[in-house]
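# Inside the fold
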Amino acid sequence: MRLLDALEVTDRDKRLKVARAILYLAQGVFDECDTDADVIHWSRHNVFLLYDMGIFTALLELLSMEMDNNQACSSAVRKPAISLADSTELRVLLSIMYLMVETIRLQTEDDRPEWRTAREAFKTELGSPLYNGEPFALQLFTMVTKFCSMNAPHFPMKKVLLLLWKTILFTMGGFEELQEMKVRGRERLSLPPLPEDSIKVVRSMRAASPPASAMELIEQQQQAKRGRRSRRPLVKQDSLDTYNERDPFKNDDARDEEEDGEEADSGIEGEVDPLDTDVIIQPPPPPPPLRPPTERASLPKGLPWAPKVREKDIEQFLETSRNKFIGFTLGKLTWSNRNVILHFLSVGTGLCEWKQDEYMCNSCCVGQGEEDVDETPTEILYLGMLPNLSQYVIALLKLLLAAAPTSKAKTDSINILADVLPEEMPITVLQSMKLGIDVNRHKEIIVKAISALLLLLLKHLKLNHIYQFEIVSQHLVFANCIPLILKFFNQNILSYISAKNSICVLDFPHCVVHEMPELTAESLEAGDRNQFCWRNLFSCINLLRILNKLTKWKHSRTMMLVVFKSAPILKRALKVKQAMMQLYVLKLLKIQTKYLGRQWRKSNMKTMSAIYQKVRHRLNDDWAYGNDIDARPWDFQAEECALRESIEKFNSRRYDKNQNGEFAPVDNCLQSVLCQRVELPEDFHYSYEMWLEREVFSQPIQWEGLLQQAQ
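Residues numbered from 1 in each chain as written. Predicted model: local features only at pLDDT ≥ 70, side-chain atom pairs only at ≥ 80, totals over all residues. Heavy atoms only, no water.

As annotated in an unreviewed UniProt entry, the protein chain carries the name Striatin interacting protein 2 and is attributed to Oncorhynchus kisutch. Its UniProt record gives the protein chain a comment under Sequence similarities (unreviewed entry), which states: "Belongs to the STRIP family." (UniProt positions renumbered as here; feature names shortened; annotations may be inferred.)

Right under this line is the structure:
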């Protein structure tokens, strides 16, 4: 309570000292602990105590004050080089808030009942517009846009993005919660249940060996010419389903892919999070030394996904079949044949929402299409983001571009290293190596936070309403998100995923509990013991999933993948032997194979076979042959404009409260107008005859003019 009162003093240095004391409590009073487990235990205990005392609200007021500190912003703008010293207060505040959000978000079996109650209250508090009439995440979005507009270049973007990601993850839910919400949404719309749980299916999938590169093929041919024994003089593309002993990314089975990868992510930023484990790798118990031979027999045989079909595909199939065999068509599906094939039909919640919105727009008068909208955290955040949505999207993509390893430094680009560069630059080789590792790790964490944030937003908005998802997707496409992601993957992905930009002895809480060994150049070069950088693998999968969501069922955007020559870039990404990453790469290759030409399909038959085995099948899908009617000239502008028109109608009908202007509904029925009861003043009957004489009888009516105006 004394610390809480001291946060309100006017002296800036005293406030900073008190904030550091609160941060020490949130970090688990590590100076009094002997083991890492003790630090984590007391950190959790203290964080719930801090929340009960109302520390988060006080920190939020200080954060708002620092955001509006024009003196600090103008000073940072004038400085030629910004360092850690310019954001000390902000970094301390954001670190405490991050520790509180992340610690309270994670559930453990030994949580007290009052902690569970506090978690639900904190979750509701963060998702509600309790802070200046807007949710907490919206304030963090404002910090991102101020930083990218160069109005506040000293903001610590890594901590802001991590806190923003974890806040949205806490208030809206991760992928497990998304799956449950999807099931409830289908039940509410009386739709059949999902054929499978996509998370469980992907976890059970086995990673495949990557296709051979052109250099490997040339080397194998040269070895054959030198007289080494070879079965065939020409070496074909390696099968994606055979085990390759030389592959450094080999996994014996699906459980080996799911080993604990969070050792590379630690520190005060709290890289251990369920979103990583839910999406990519679920840490299993350690496997026994000897596995029974019948263990793999429980895995399902055949294709991993149940086939799906859209109503549009069924109509095209029936129309083609009737024309071919009977010679006539019946137009739309009739109820007789609809009932026969209904159990094959896959109807998503997005399609139901699209049809419902189309019905409301067509059948109702303007202004009368209001509907009851649930005040969910997703709905509240979307409503707050809507006025400045394009600015938020552009700011996130600017940061992603600046943190991408393929980006080159430019003088006019934003500086994302303001919260990692020290005041004095290193003077020794060891200090330079350590700073280089810190800079690379800093960029990797920014990419991880942005990719996870965008993917969460897209998935939650799509589940909340299809048009909310479409408007964010369109802003991403217009901001060149597709070429940006392709540029990100246009590198040596194997090197990026196996990068070792971590120093284990400096990870928290190890660095404050144990004695620090002497760092040498050799130990820094060796890095950690992990074969992968799971942080980078997580980012790559997220970016691939975002690209899939942007291009799915969008012909013009699919053609953008073809125009930007994404096939060789994506094919190189198949070298990473991880089942989930390979699945989304194969999905992106599948949607564009019919436009790549027969020669490409002929020379990549093993990749085509992998698509057939791992990606979901759809009835009448002509993806492998190029005979689909969608293989037509594409008009990007026309398709996007039609989509934007539907989105604007949706936003206007649902959120525009000022509809009393020129578009207000007018009752044109004479009988209805005459039957309306009009409230008249009490003295109206005294002056009624005078008003009638003055306004009606004495005014000449120009009937010819009225007729001409009507014509």
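Still to come is the rest of the account.
### Considerations on the overall build of the protein chain
A tally of helices and strands in the protein chain yields 35 helices and zero strands. Counting the 711 residues in the protein chain, one finds 46% classified as buried. Put simply, 79% of the contacts in the protein chain that link residues at least 6 apart link residues at least 24 apart. (Helix = DSSP H or I, 4+ residues; strand = E, 2+ residues; numbered from the N terminus. Buried < 20%, exposed > 50% of the residue type's maximum accessible area, 1.4 Å probe, protein only. Contact = heavy atoms within 4.5 Å.)

### Some remarks on a nonpolar patch on the surface
Taken together, Y688, W691, V696 and F697 make up a surface patch of nonpolar side chains, about 400 Å² in accessible area. Tracing the backbone through its elements, the reader meets F697 in helix 34 (residues 684-697). When its relative accessible area of 57% is taken as the criterion, F697 is described as exposed. (Patch = residues over 30% accessible without salt bridge, like charges linked within 9 Å, V, L, I, M, F, W, Y side chains within 5 Å. Areas by Shrake-Rupley, 256 points an atom, 1.4 Å probe, with all protein chains shown as cover. Salt bridge = Lys/Arg side-chain N within 4 Å of Asp/Glu carboxyl O.)

### Section: the packing of aromatic side chains
Tallied over the entire structure, the rule returns 15 aromatic pairs. Ring plane angle 50° and centroid distance 5.7 Å describe the contact between Y382 and Y655, whose orientation is recorded as tilted. Taken together, the residues Y382 in helix 18 (residues 377-385) and Y655 in helix 32 (residues 636-655) connect sequence positions 273 residues apart. With relative accessibility at 15%, the residue Y655 sits in the buried group. When the ring centre of W165 is taken as origin, the NZ or CZ atom of K166, which lies over that ring, is 4.1 Å away. Here the basic side chain of K462 rests over the ring of F469, its NZ or CZ set 5.2 Å away from the ring centre. (Phe/Tyr/Trp six-rings, centres within 6.5 Å; stacked < 30°, edge-to-face > 60°. Lys NZ or Arg CZ within 6 Å of the ring centre and 35° of its normal.)

### Looking at unusual backbone geometry
Excluding glycine, a negative phi dihedral is what most residues carry, and trans is how most peptide bonds are arranged. Cis geometry marks the peptide bond from F508 to P509; its omega dihedral reads 5°. With a phi angle near 40°, V29 is a residue other than glycine that sits in the positive phi range. Mapped onto the fold, V29 is located in the loop between helix 2 (12-26) and helix 3 (36-52). Among the residues examined, V29 registers a relative accessible area of 13% and is labelled buried. At W553, a residue that is not glycine, the phi angle is positive and equals roughly 60°. Take W553: it is sitting in the loop between helix 26 (534-551) and helix 27 (555-563).

### Let's talk about the nonpolar core
Counting residues in each nonpolar core, the largest one holds 158 residues, and the members touching the most others are F136, L399, F489 and M581. With 16 residues, helix 20 (residues 429-464) is the largest single contributor of residues to this core. For F489, the residues in contact, after removing those within four places along its chain, are C540, L543, L544, I569, A573 and M581. (Core = buried A, V, L, I, M, F, W, Y, C linked by side-chain atoms within 4.5 Å.)

### Side note on helix 22 (residues 481-489)
Counting buried positions over the nine residues of helix 22 gives seven, a clear majority of the element. All of the buried residues in helix 22 are C481, I482, L484, I485, L486, F488 and F489.

### Overview of the pattern of salt bridges
All told, the structure shown has 15 salt bridges when counted by the stated rule. The residue E196 makes a salt bridge to R616 at a minimum N-O spacing of 2.9 Å. Here E196 is found in the loop between helix 10 (175-188) and helix 11 (198-204), whereas its partner R616 is found in the loop between helix 31 (605-614) and helix 32, with 420 residues between them in sequence. Linking K649 and E645 is a salt bridge whose minimum nitrogen-to-oxygen distance equals 3.8 Å. Taken together, the positions of K649 and E645, both in helix 32 and four residues apart, correspond to about one turn of that helix. Assessed through its relative accessible area of 46%, E645 is described here as partly exposed.

### Notes on the environment of E518
Counting through the fold element by element, E518 comes out in the loop between helix 24 (510-513) and helix 25 (521-526). Placed 13 residues apart in sequence, E518 and V505 show a C-alpha to C-alpha distance of 9.8 Å.

### A short note on empty space enclosed by the protein
Under the criterion given, the structure shown has nine cavities of 30 Å³ or more. Each pocket or cavity is described by its volume, and for the largest cavity that value is around 80 Å³. Around the largest cavity sit R12, R15, L16, A19, L62, M65, E66, E89 and L93, which together line it. Classifying every residue of the lining of the largest cavity gives five nonpolar, no polar and four charged. (1 Å grid on protein atoms, 1.4 Å probe; cavity = no way out; pocket = protein on both sides within 12 Å on 5 of 7 lines; lining within 4 Å. Points joined across faces, edges and corners; volume = space filled by probe spheres on them. Nonpolar A, V, L, I, M, F, W, Y, C, P; charged D, E, K, R; others polar.)

### Remarks on the packing of helix 8 (residues 136-148) against helix 9 (residues 157-172)
Remark: helix 8 packs on helix 9, axes separated minimally by 10 Å, with the N-to-C direction vectors making an angle of 150°. As the angle between them shows, helix 8 and helix 9 are arranged roughly antiparallel. Judged by the sense of rotation from one axis to the other, the crossing of helix 8 with helix 9 is left-handed. Contact residues: helix 8 offers F136, A137, L140, F141, M143, V144 and F147, while helix 9 offers M157, V160, L161, L163, L164, T167 and I168. Here the contact of helix 8 with helix 9 is built from residues that sort into 13 nonpolar, one polar and no charged. (Axes fitted to C-alpha atoms, helices over the stretch in contact; angles between N-to-C directions. Parallel < 35°, antiparallel > 145°, perpendicular 65-115°, else oblique. Left-handed = near helix turned anticlockwise from the far one by under 90°.)

### Here we look at the environment of L400
By the secondary structure assignment, L400 is in helix 19 (residues 389-403). On the basis of relative accessible area, L400 is assigned to the buried category, the value being 4%. In sequence terms L400 and A449 are 49 residues apart; their C-alpha atoms lie 9.5 Å from each other. Not counting the four nearest positions on each side in its chain, L400 is found in contact with V447, I450, L484 and L543.

### Quick word on the side chain of N604
Along the chain, N604 turns up in the loop between helix 30 (598-603) and helix 31. Here the side chain of N604 touches S603 through a polar contact of 3.2 Å, side chain to side chain. (Polar contact = N/O pair within 3.5 Å; in protein donor to acceptor, adjacent residues only side chain to side chain.)

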